[in-house]
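Structural description and commentary
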There are 4 protein chains.
Amino acid sequence: MQLAMVGLGRMGANMVRRLAANGHECVVFDMSPKAVEDLAKTDGVTGSTSMEDMLSKLSKPRAIWLMVPAGVVDKTIEQLEPHLEAGDILIDGGNSYYIDDIRHAKRVAEKKIEFVDVGTSGGVWGLERGYCMMIGGSDKTVEYLDPIFKTLAPGIGTIDRTPGRPENKGTAELGYLHCGPNGAGHFVKMVHNGIEYGMMAAYAEGLGVLKAANVGKHAGEIDAETTPLRDPEHYMFDMDIPEITEVWRRGSVVASWLLDLTAGTLAQDPELSKFGGRVSDSGEGRWTIKAAIDEGVPTPVLTASLYSRFSSRGEAEYSNKLLSAMRYAFGGHLEKKS
Amino acid sequence: MQLAMVGLGRMGANMVRRLAANGHECVVFDMSPKAVEDLAKTDGVTGSTSMEDMLSKLSKPRAIWLMVPAGVVDKTIEQLEPHLEAGDILIDGGNSYYIDDIRHAKRVAEKKIEFVDVGTSGGVWGLERGYCMMIGGSDKTVEYLDPIFKTLAPGIGTIDRTPGRPENKGTAELGYLHCGPNGAGHFVKMVHNGIEYGMMAAYAEGLGVLKAANVGKHAGEIDAETTPLRDPEHYMFDMDIPEITEVWRRGSVVASWLLDLTAGTLAQDPELSKFGGRVSDSGEGRWTIKAAIDEGVPTPVLTASLYSRFSSRGEAEYSNKLLSAMRYAFGGHLEKKS
Amino acid sequence: MQLAMVGLGRMGANMVRRLAANGHECVVFDMSPKAVEDLAKTDGVTGSTSMEDMLSKLSKPRAIWLMVPAGVVDKTIEQLEPHLEAGDILIDGGNSYYIDDIRHAKRVAEKKIEFVDVGTSGGVWGLERGYCMMIGGSDKTVEYLDPIFKTLAPGIGTIDRTPGRPENKGTAELGYLHCGPNGAGHFVKMVHNGIEYGMMAAYAEGLGVLKAANVGKHAGEIDAETTPLRDPEHYMFDMDIPEITEVWRRGSVVASWLLDLTAGTLAQDPELSKFGGRVSDSGEGRWTIKAAIDEGVPTPVLTASLYSRFSSRGEAEYSNKLLSAMRYAFGGHLEKKS
Amino acid sequence: MQLAMVGLGRMGANMVRRLAANGHECVVFDMSPKAVEDLAKTDGVTGSTSMEDMLSKLSKPRAIWLMVPAGVVDKTIEQLEPHLEAGDILIDGGNSYYIDDIRHAKRVAEKKIEFVDVGTSGGVWGLERGYCMMIGGSDKTVEYLDPIFKTLAPGIGTIDRTPGRPENKGTAELGYLHCGPNGAGHFVKMVHNGIEYGMMAAYAEGLGVLKAANVGKHAGEIDAETTPLRDPEHYMFDMDIPEITEVWRRGSVVASWLLDLTAGTLAQDPELSKFGGRVSDSGEGRWTIKAAIDEGVPTPVLTASLYSRFSSRGEAEYSNKLLSAMRYAFGGHLEKKS
């Protein structure tokens, strides 16, 4: 079927490629004419010079998929809305806050424009693996877009079906799911990313414990302001972290796609020399914790993983200075320099 | 090759089956004659009536694999040791503390008996999937036992090789790894389980946030001692948790074997009606945190996942009473009954 | 000076008593005529039968202090506003969210009504000890109300002045502080309560560790699904928690007013028999974490203390069931019943 | 009464001064002859040139108080033991691990030497304020040493007695307590310090949130890899942290001695310019968590406060690099440089 794509970054462009390669007709637009031009060389893809131009190339009802940074979704909708009509469909497939979806849906509903929010996971691998999609919107519109979702999704592929789950139960095993009304798609995606933070931190902390399993060899260097290691002989292991991540890939309880990627990275750069350890966080981790707090549901693991990222960027510095200042004030403890 | 197995529980018996099915000769013993008898019906498996009987059926150097509860390893080694000779090999494949391995290895080394510690992951699925093994011991002995490890391990199977990793780099991609000297095997397994705790908690917390995504529907019931939900309209989602775990299995960043199992469980028992929510913990989670503390490495996520289990069993009750008592003391706040 | 008080609960009524006892003229109103009647017996206190009646008894500019639940501040301001004039002063002294202050201030500023937000700490002890007040608003209005704040505040009392702090530096050492523009008062109060949560949890957890210092005496009861205690002889202490809190009150680093109260409570009810351990949370703890997340500042301790309260109320139950379900799925582990 | 003091550092020397000033007879020794010489100028203090010399100056039964670093207690006891006799008393008043006390007590008991462990809080303020002491040992010996404890302790002083606590209940309100058999003293001190960590972190985190309350003013600087602040207008406060700590000292729920010290430090160095934010930890925090884990008691707040210190020293760096590496692997996210 026909779909317009606004925003041709890494995600948007690859999604168009996957759609076009499977017979869908794509009309594309981006603020960068170069990005449009490049993609328009693909069979089945039509470029456009402006949003109006793009809209004029679509048959009604028009389906427009936004794949733009969360920060410009508002502005993009504002620009599109005057040109849209009842029955047209706006899809926000980016990393938007589900609370904005609820607002956007309410806004465009006044003109009987349909709104669909799609949380899209897959990153740079989606073109090849397919995109896992979590969808919010009305039954009618989500069903209407089914051909699009089916193509973008991974499908069952080589992954075993879940034993006990009826085959006719729906699309989830194809890699996309209609999660509920507007906002539900990005809500589920938000929590997905919250879990992702937690899993990443679980691996990172565990591998950190393995990395330091040789501290007993350096125990003599520790001074009076730090607890001496009582049993240095218990920490004499020089662990081969890349090979440990490799061995866990088969048969262990912690096997996962994230582990596969980690093993791949460590195989090529065992010391992670390219990275400084300042970890960014996008919105979903923060939003997950805010939702958990609103709900009154404890999420200590997910929150700890978010805070580790804050700390990695030096955001605890003032608090840490305060701790040193207090130690000095009550005990005369001087801070060690390194 | 020939191997003796002591301890024919779920793990030990299945490992024998996998070995025997692949041409190894197994001599088995268990405190329960019935367990021995049952397993001895398998081709390639010889039962024995006592440890001495078992030892007498082995050619030297004898290799004896212990698959007994961590609490009886000491006693079992004490019973075996007098009957062993220089060159014989003792393998502890259970869930032992790596610090005990170091002690055991030192002890039997006095008689030139070899000791090997093997952390074994795979649970009830190992017979079919193979066991992921993390091994500690001397190069010579671990190499000698290679045929055993190769058979127990999953092998490469259908899982893609790690891109960039040389093919001749070693056994890790077959699912077993010689991690270092004695203790290294169980150290790596310990951390594996620590990570497992963290991953499990990441999923459980995230799904908990999804489960409560409909609290806005019940907002009116909340009373004065609890913060009212400011925006109930943001929490009106009745999420289908089983289908959400299913959709994440393909193409998402959080895909994993644990997620596969979770989806399978929820497909059959969406309300988890069989479980009360009192979560046990075996030693590895605790030991991982103790190691992290000795090393001075922060593990907030792994620790939070351990504490959630403690709390699930009511172990925070006294602390919680104290909190209520303080609130009453300074603010006259009365505890809500439910 | 003259002040109207709306809301004669525990806090509001006691504040009026403290003001009236020190020569201020108070006009009071509450939804409960009984509460008004009771308090109006106090010298210097005038009751009123409605908000209009109350306003009519005030000379201009009128200063009205709201001491009502956070949930009814909006409604109360709506009722008052039509009767107020330029120059009148609205003070919200309750437990409001500072974000609401910003909104309220903006709203009433349209009619040139002044708004002041006051975070008030002191609980049931304020009448006697005085109230610690954190104030947001314009310089002019906060200065105008200074006589009120000075009376409500504790004053220097018997607590030593901070060495090195100039005597003429401002009111902070009297127990009240103009923290900044509107919202600043409740922002500081919010964080005050966040810290309070953390301190309370620090005591509660520590005392919990002391309470369980005799687990070695019961070590035999532990079964296979739980890690056995390796060194029961290290946990043979029956600690006298009430006396331990008492001894820390003098000369220790952890001495505090909260500890004084805790010791007082434990002296009278060592087993805390009146409490079930379901700990409520009011909004400030949650809001503190949300602010920290917006700021990107890690607050692991404050967050953990909030989550402990959630868990104490059973809010982790679904997550815990999931953990048990996963353990069963991969390892066949059955949940222990108690 | 007579007491020998071994170790004349900040703590030991001040304790001798307090004892001598109150009529006790002190015989002192330190590895540094200068330290002995200086202190011996004090009335009531006798220096000694060796441990033997010191012992020879004592009447039997001899009471020797060790105030040496935890790391040299073992060696010191080894040196003293051959010269001691049945009935002599060894007191370890340092920061020892209670598990070492149990071992030391057992060892010297073979010669009928009495052992007493004393956890001592008070830091550099103890000379003036008195020392809070938590004591482990036999009833007989602890009672025998009562005059020493009574002098070192703060006494009731100006702090109100706990309402409802019988006056004749024991020494706790004087600032010292016989907590139980050997090890109990340092166990209670260990937990005291664990609580101290938690309280310090609660203040430090809360003040950190206040410090960053102006992030809305810098919101424009935030880039694509970081979540934009949704409501910058909510974070426009330049908080006066020194004055905020001052105002909380009177009438608030978070008043404490630690807060007094913090206010004092901030009054003189508002920007904490002397500190880099690398926070040391002595053993007690770590030991508290290990005890909690052995007991199965959750201590999320105390643990988080320990981990913050680890992280402040860069101990999470490897884990953080792993997180960045994973983000790059699945999403192509590049790490921001600052």
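Residues numbered from 1 in each chain as written. Chains lettered and ligands numbered in written order. Predicted model: local features only at pLDDT ≥ 70, side-chain atom pairs only at ≥ 80, totals over all residues. Heavy atoms only, no water.

All right, on to the overall build of chain A then. The secondary structure content of chain A amounts to 14 helices and eight strands. Dimensions of chain A, computed from C-alpha atoms along their principal axes, come out at roughly 75 × 45 × 45 Å. Expressed as a percentage of its 338 residues, the buried residues of chain A come to 64%. Accessible area of chain A: about 11900 Å², with a carbon and sulfur share of 53%. (Helix = DSSP H or I, 4+ residues; strand = E, 2+ residues; numbered from the N terminus. Buried < 20%, exposed > 50% of the residue type's maximum accessible area, 1.4 Å probe, protein only. Areas by Shrake-Rupley, 256 points an atom, 1.4 Å probe, with all protein chains shown as cover.)

What follows concerns helix 5 (residues 98–109) of chain A. All names here are of chain A. The terminal C-alpha atoms of helix 5, which comprises 12 residues, lie 16 Å apart, in line with the 16 Å expected from a rise of 1.5 Å per residue. If you check which residues of helix 5 are buried, you get Y98, I99, D100, D101, I102, H104, A105 and V108. At its buried positions, helix 5 is contacted by helix 4 (73–80), strand 5 (89–92), strand 6 (114–121) and helix 9 (184–211). (Expected span 1.5 Å × (residues − 1). Contact = heavy atoms within 4.5 Å.)

All names here are of chain A. Each assigned domain of chain A is listed here: domain 1 (2–181) and domain 2 (189–239 + 276–331). Using C-alpha coordinates to define each centre, domain 1 is positioned 37 Å away from domain 2. Each partner contributes to the interface: domain 1 provides eight residues, whereas domain 2 provides six residues. Taking both partners together, domain 1 and domain 2 bury about 630 Å²; carbon and sulfur atoms supply 68% of that area. The interface formed by domain 1 and domain 2 contains zero salt bridges. Counting across the interface, domain 1 meets domain 2 through two residue pairs in polar contact (both at pLDDT 80 or more). Of the residues belonging to the side of domain 1 that touches domain 2, the class tally is three nonpolar, five polar and no charged. (Domains from an automatic or database assignment. Buried area = accessible area lost by both parts, 1.4 Å probe. Salt bridge = Lys/Arg side-chain N within 4 Å of Asp/Glu carboxyl O. Polar contact = N/O pair within 3.5 Å; in protein donor to acceptor, adjacent residues only side chain to side chain. Nonpolar A, V, L, I, M, F, W, Y, C, P; charged D, E, K, R; others polar.)

Summed over the entire model, instances satisfying the criterion amount to 48 aromatic pairs over all chains. Ring centres 4.4 Å apart and planes at 15 degrees place the aromatic pair Y97 of chain A and W287 of chain A in the stacked group. One end of the pair, Y97 of chain A, is in the loop between strand 5 and helix 5; the other, W287 of chain A, is in helix 12 (residues 283–295), with 190 residues separating them in the sequence. Comparing Y97 of chain A with W287 of chain A shows no difference in burial state: the two are buried. Ring centres of F237 of chain A and Y98 of chain B lie 6.0 Å apart, and the angle between their planes is 70 degrees; this geometry places the pair in the edge-to-face category. Here F237 of chain A, found in the loop between helix 9 and helix 10 (241–247), pairs with Y98 of chain B, found in helix 5 (residues 98–109), and the two come from separate chains. Exposure class is identical for F237 of chain A and Y98 of chain B. Each is buried. Through pairs of rings, three or more aromatic residues link up here, namely Y97, Y98, F187 and W287 of chain A together with Y235 and F237 of chain B. Directly above the aromatic system of Y197 of chain B lies the positively charged group of R309 of chain B, at a separation of 3.7 Å from the ring centroid. Sitting above the plane of the W257 of chain C ring, R129 of chain C keeps its charged end 3.6 Å from the centroid. (Phe/Tyr/Trp six-rings, centres within 6.5 Å; stacked < 30°, edge-to-face > 60°. Lys NZ or Arg CZ within 6 Å of the ring centre and 35° of its normal.)

Each copy of the sequence occupies a distinct position, and chain A is placed on chain C by a rotation of 180 degrees and an axial shift of 0.0 Å, giving an RMSD of 0.0 Å. The superposition of one copy onto the other is thereby described by a two-fold rotation axis. Taking C-alpha positions as the reference, the residue of chain A nearest the rotation axis is K290 of chain A, at 3.1 Å. Comparing interface residues between copies, 100% of those in chain A also sit at the interface in chain C, which points to an isologous, same-surface contact. (Least-squares fit on C-alpha atoms with pLDDT ≥ 70 in both.)

The operation relating the two chain copies consists of a rotation about an axis and a shift along that axis. Aligned on chain B, chain A shows an RMSD of 0.1 Å; the corresponding rotation is 180 degrees and the shift along the axis is 0.0 Å. Counting the interface residues of chain A, we find that 100% of their copies in chain B are interface residues as well, pointing to one common contact surface.

Below, the discussion takes up the pattern of salt bridges. All chains considered together, the criterion is met by 96 salt bridges over all chains. Among the ionic pairs, E271 of chain D bridges to K211 of chain D, the shortest N-O distance being 3.2 Å. Here the residue E271 of chain D occupies a position in the loop between helix 11 (257–268) and helix 12 (283–295), and K211 of chain D occupies one in helix 9 (residues 184–211), the gap between them amounting to 60 residues. Ionic pairing is found between K321 of chain D and E317 of chain D, a salt bridge with its closest N-O pair at 3.7 Å. Taken as a pair, K321 of chain D and E317 of chain D lie in helix 14 (residues 317–331) at a separation of four residues, close to a single helical turn. Taking relative accessible area as the criterion, K321 of chain D reaches 17% and is therefore assigned buried. Here the salt bridges do not stand alone but share partners, grouping R161, R165, E167, K169 and E173 of chain A together with E243 of chain B into one network.

With that settled, consider the interface of chain A and chain B. The interface is formed by 90 residues belonging to chain A together with 90 residues belonging to chain B. Both sides of the chain A and chain B interface together cover about 7500 Å² of buried area, and 69% of this is carbon and sulfur. Broken down residue by residue, the surface that chain A buries against chain B is led by V209, R250 and V253 of chain A, which jointly contribute 10%. The interface formed by chain A and chain B includes four salt bridges.

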